[in-house]
Amino acid sequence: MILKAIIIAAAGYLLGNLNGAILISRLLVHDDVRRHGSGNAGFTNFFRNYGGLTSLLVILIDALKAVAACALGRWLFSADGLGLEGAVLAALAVGIGHDFPALLGFHGGKGIVCGFASALMLDWRVGLVAFVVFAGVYLATKYVSLSSVLAAVSLAVSFACWHSDRIWAVIGCSAMCLLAIVMHRENIVRLVNKTERKTDFFKKEKQS
């Protein structure tokens, strides 16, 4: 069990280092997204600076690495009857790898795309709840950060409701959601101060 947990955590973390925004900005745009805008290596900053179909590739990479990590975690722990716990461990690890990638100087993104993909792998119902909350708040406010934070909260709450008998899975999922909130701490301050920037995903926002 310990060896399996180590393998899941290590594989998830390394997969998290495959940052879609950085890979696509370097390979296709011949740039580094972290040099622009907020300096964040995430989808929102990528979209604001480059827009276009390349943004979809960022989503694809960040989602697939979460799917792969969670699938591995569930598979390795399934024989022990702890498939959900294995998937949660992988989800947490890939999120940490995305936020703090050692191979990229510990300067990554905020893990929202990874989080959504992981949520769907853990339980499609909680993933759907998180998506509906994100979409509803975003359409009403155009604040990606506020939408992300509230989606993370809804994910933790709904997961705990549906899986209250799996205490370790609930703890792991809560930690994953708490990480997402902590990564948005500066955004939260700006939201309180009413200085947070809005983002319109229905049009390209170019900035240098």
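Counting restarts for each chain: residues are numbered from 1 in the order of the written sequence. Two thresholds apply to this predicted model, a pLDDT of at least 70 for residue-level local features and 80 or more for giving and counting side-chain atom pairs, whereas whole-chain, interface and lining totals are computed over all residues. Heavy atoms from the whole structure form the basis of all side-chain values; hydrogens and water molecules are not counted.

Quick look at the state of the cysteines
Then step 1. Here, two cysteine sulfur atoms that lie within 2.5 Å of each other are counted as a disulfide. For the structure on display, the rule yields zero disulfides.
Then step 2. You can see C114 has no disulfide; the closest cysteine sulfur is in C70, sitting 9.3 Å from it.
Then step 3. A relative accessible area of 2% means that C114 is categorised as buried.
Then step 4. There is no disulfide at C161, and the cysteine sulfur nearest it, in C173, is 11 Å away. Accessible area is worked out with a 1.4 Å probe on protein chains only. A residue is then buried under 20% of its type maximum, exposed over 50%, and partly exposed in between.

Brief notes about the pattern of salt bridges
Then step 1. Whenever a carboxyl oxygen of Asp or Glu lies within 4 Å of a side-chain nitrogen of Lys or Arg, that contact is scored as a salt bridge. Here the structure, examined in full by the defined rule, presents eight salt bridges.
Then step 2. With its nearest N and O atoms 2.8 Å apart, the salt bridge here joins E85 to R166. Placement of the pair is E85 in helix α5 (residues 83-99) and R166 in the loop between α8 (144-162) and α9 (167-183), with a sequence separation of 81 residues.
Then step 3. Overall, E85 belongs to the buried group, its relative accessible area being 13%.
Then step 4. Put simply, E196 and R190 hold a salt bridge, and the shortest N to O gap is 2.8 Å. By the criteria applied, helices consist of DSSP H or I runs no shorter than four residues and strands consist of E runs no shorter than two, each listed in order from the N terminus.

A short note on a nonpolar patch on the surface
Then step 1. A patch is a set of surface residues, each over 30% in relative accessible area and not in a salt bridge, joined within 9 Å for like charges and within 5 Å for the nonpolar side chains Val, Leu, Ile, Met, Phe, Trp and Tyr. A 1.4 Å probe and the Shrake-Rupley method give the accessible areas. Residues count as covered only by the protein chains that appear here. A cluster of nonpolar side chains, L18, L23, L27, L28, L57, L60 and L64, forms an exposed patch at the surface whose accessible area comes to about 630 Å².
Then step 2. Every element with two or more residues in the nonpolar patch is listed here: α2 (20-27) and α4 (54-78).
Then step 3. Among the elements that line the nonpolar patch, the one with the most residues is α4, at three residues.
Then step 4. With respect to the helices and strands, L18 occurs in the loop between α1 (2-16) and α2.
Then step 5. What makes L18 partly exposed here is its relative accessible area of 43%.

Some details on the nonpolar core
Then step 1. Counting residues in each nonpolar core, the largest one holds 24 residues, and the members touching the most others are L122, L155, F159 and C173.
Then step 2. Going through the elements one at a time, α5, α6 (112-122), α7 (124-141), α8 and α9 are the ones with two or more residues in this core.
Then step 3. Any two residues whose heavy atoms approach within 4.5 Å are treated as being in contact. Aside from chain neighbours lying at most four places away, what touches F159 is L84, V88, L122, V126, A169, V170 and C173.
Then step 4. If you look at the next biggest cluster of nonpolar residues, it comprises 22 residues, including A21, V33, A69 and A117. Here, nonpolar core means buried Ala, Val, Leu, Ile, Met, Phe, Trp, Tyr and Cys residues that are tied together by side-chain atoms lying within 4.5 Å of each other.

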